[in-house]
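Coordinates in review
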Amino acid sequence: MNKIAGLFVVISSMISAQQQMSLLECENAFQQNNLQLLAEQYSINMADADILQAKIWELPQVSGYINAYNPQDKRVLDAGRAKGFEVTQLIYMGGKKKNEIAFAKSNKELSQLQFSQLLVELRTQLHTNYYNLYYEKLKLENTNKQLGYMNDLLKAYKVQSAKGNVSLKDEVRLQSIVIQLNNDKVNINKNLLEFEQNLKVLTGITENIEPEISEEEAKLVLTAQPFGDNDELKRKALENNADYLFILKLIDNSKLYAQWQKSLNVPDLNVGAEYDQASGTFNNEINLKVGIHIPLWKSNKGNVEKANYAIKQNQKNAEFQKLNLETKVQSAFQIWKTQYDQLSEIKSTDLSNLDLVYDGMLKNFRNGNISLIEFTDFMESYRQTALQIYDMKNDLMESAIQLNQLVQTKIFY
């Protein structure tokens, strides 16, 4: 009784270790729990802090003096008869503070775009791993179904081979198929572990995720087609792709930086007031003080020149990024179209017929209507075809996800 109870505990723990989740539920968990996203959000907070810092002026400076030694009265630290102090404040000229703040605000916009880049990249990984896991589980289910029958058949042939009723060659032929199926199963399970691990990291969920998607839903996703043609997709990508928008914003950012560096060449003012008890022209005099650097040369000339080169560099990078993005969209669309057309040629009736023929071959072999050679040839062909069909569906799904990543807006019906 205790053994049975223990078995139920093990089974229950295995079941509870898996969690059925739709793609939308995975996305919600991903946005709430993904550590990379949570860490990247602090970059935006740090950019806010930089804006705050840019608005802060230099503190006023106070300095003073007292007499150290009075030679007339031979007194040390004669503060009562000779002392003074002054207060000065640095005044920024040439719009330095305004330019520094504008540059800091531009840096925040870049941080927000970097966050968007990471969000798109990680969401793409989430979708890819989710559908990879879904189709690998279907492959495993199909492989296990074949293995179940082939293992029983192999056991029966081993018994008959030992009795001399069938040839060893027939046993080896069946053994070969079983080995191939087991090898498929090992590879599938290895892939499943990888996809499950990736989903755990992406969603922050420690249990294994079981994709919750019906066959009908999967069909609808596979038959979805993108809005517009190739040129329309390129246009949308240029409007929405975070990588490309980041490069464009980087041009504006470098222009603001250059403007800030140029303003640093303008001398700043030091303005202050001074009180002097006895060392000035008058006793207890109050003086106005103004100081400014003499602009004999541009003290920030090198940084200005460097900033101007950065503008040109970012402009060239933007041209490259535009060409690269348009080429990637075109290629991704062509890959998707090729795979879509290829899968469309396989009708649902063809898949039904494949399963129907599979069941018929099993029945006919049991009844002795076909030879072992015919049966094993068909099983090998069926094994390869079943795996290829699942791979074709998964490849089409990955192509659609890749197209989504590039265009970064709703493009499918």
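Residues numbered from 1 in each chain as written. Predicted model: local features only at pLDDT ≥ 70, side-chain atom pairs only at ≥ 80, totals over all residues. Heavy atoms only, no water.

Quick look at the overall build of the chain
Convention followed: Numbering goes from the N terminus for both helices and strands, where a helix is a DSSP run of H or I of at least four residues and a strand is a run of E of at least two. Burial classes: relative accessible area under 20% of the type maximum marks a residue as buried, over 50% as exposed, and values in between as partly exposed (1.4 Å probe, protein chains only). Methods summary: accessible areas were calculated by the Shrake-Rupley approach with a probe of 1.4 Å, and residue burial reflects only the protein chains presented. The charged-residue count follows a simple rule in which Lys and Arg add positive charge and Asp and Glu add negative charge, with His and chain termini not counted at all. The location of each charge is read from NZ of Lys, CZ of Arg, CG of Asp or CD of Glu.
From N to C terminus, the chain includes 11 helices and 8 strands. The principal-axis extents of the C-alpha atoms in the chain amount to approximately 135 × 65 × 35 Å. Each of the 413 residues in the chain was classed as buried or not, and the buried ones make up 38%. Of the roughly 24,800 Å² of accessible surface on the chain, a fraction of 55% belongs to carbon and sulfur atoms. When the 45 basic and 50 acidic side-chain charges of the chain are each reduced to a single mean position, those positions are 4 Å apart.

Here we look at the packing of helix 10 (residues 348-366) against helix 11 (residues 372-407)
Note the following rule: The axes are straight lines fitted to the C-alpha atoms, using for helices just the contacting stretch, and the angles between their N-to-C directions are given from 0 to 180°. Our angle categories are set so that under 35 degrees counts as roughly parallel, over 145 as roughly antiparallel, 65 to 115 as roughly perpendicular, and the remainder as oblique. Definitions for this section: a left-handed crossing has its near helix turned counterclockwise from the far helix by less than a right angle. A right-handed crossing has that turn clockwise. In this description, contact between two residues means that some pair of their heavy atoms is separated by no more than 4.5 Å. Charged residues are taken to be Asp, Glu, Lys and Arg, nonpolar residues to be Ala, Val, Leu, Ile, Met, Phe, Trp, Tyr, Cys and Pro, and polar residues to be all remaining types, Gly included.
It is at 11 Å that the axes of helix 10 and helix 11 come closest, and there the two elements cross at 155 degrees. When the axis of helix 10 is compared with that of helix 11, the two are roughly antiparallel. Along this stretch, helix 10 crosses helix 11, giving a crossing that reads as left-handed. Judged by residue contacts, Leu-351, Leu-354, Asp-355, Val-357, Tyr-358, Met-361, Leu-362 and Phe-365 of helix 10 engage Leu-372, Glu-374, Phe-375, Phe-378, Met-379, Tyr-382, Thr-385, Ile-389 and Lys-393 from helix 11. For the contact of helix 10 with helix 11, the class distribution of residues is 13 nonpolar, 1 polar and 3 charged.

A look at the environment of Lys-306
Position of Lys-306 among the secondary structure elements: in helix 9 (residues 301-344). The sequence separation of Lys-306 and Ala-258 amounts to 48 residues, and the corresponding C-alpha distance is 8.3 Å.

Regarding the confidence of the model for the chain
Cut-off, in case you're wondering: Confidence scores per residue from the predictor, reported as pLDDT, run from 0 to 100.
In this model, the chain carries an average pLDDT of 89, and 96% of its residues clear a pLDDT of 70 or more. Across the chain, the element-wise mean pLDDT spans from 44 in helix 1 (residues 2-16) up to 96 in helix 8 (residues 242-263). Per-residue pLDDT stays below 50 along residues 1-16; that stretch engages in 1 contact with residues further than four places along the chain or on separate chains.

Some details on the packing of aromatic side chains
Threshold: We call Phe, Tyr and Trp rings a pair once their centres come within 6.5 Å, taking the six-membered ring for Trp, and we label the pair stacked below 30 degrees between planes, edge-to-face above 60, and tilted otherwise. In this scheme, Lys NZ or Arg CZ marks a charge over a ring once it lies within 6 Å of the ring centre and within 35 degrees of the ring normal.
Enumeration according to the criterion identifies 13 aromatic pairs in this entry. For the pair Tyr-130 and Tyr-131, a centre-to-centre distance of 5.6 Å together with 90 degrees between the ring planes defines the contact as edge-to-face. An aromatic cluster is defined as three or more aromatic residues linked by ring pairs; in this entry it consists of Phe-103, Tyr-257 and Trp-260. Across from the ring centre of Tyr-92, 5.2 Å away, lies the NZ or CZ of Lys-97, which sits over that ring.

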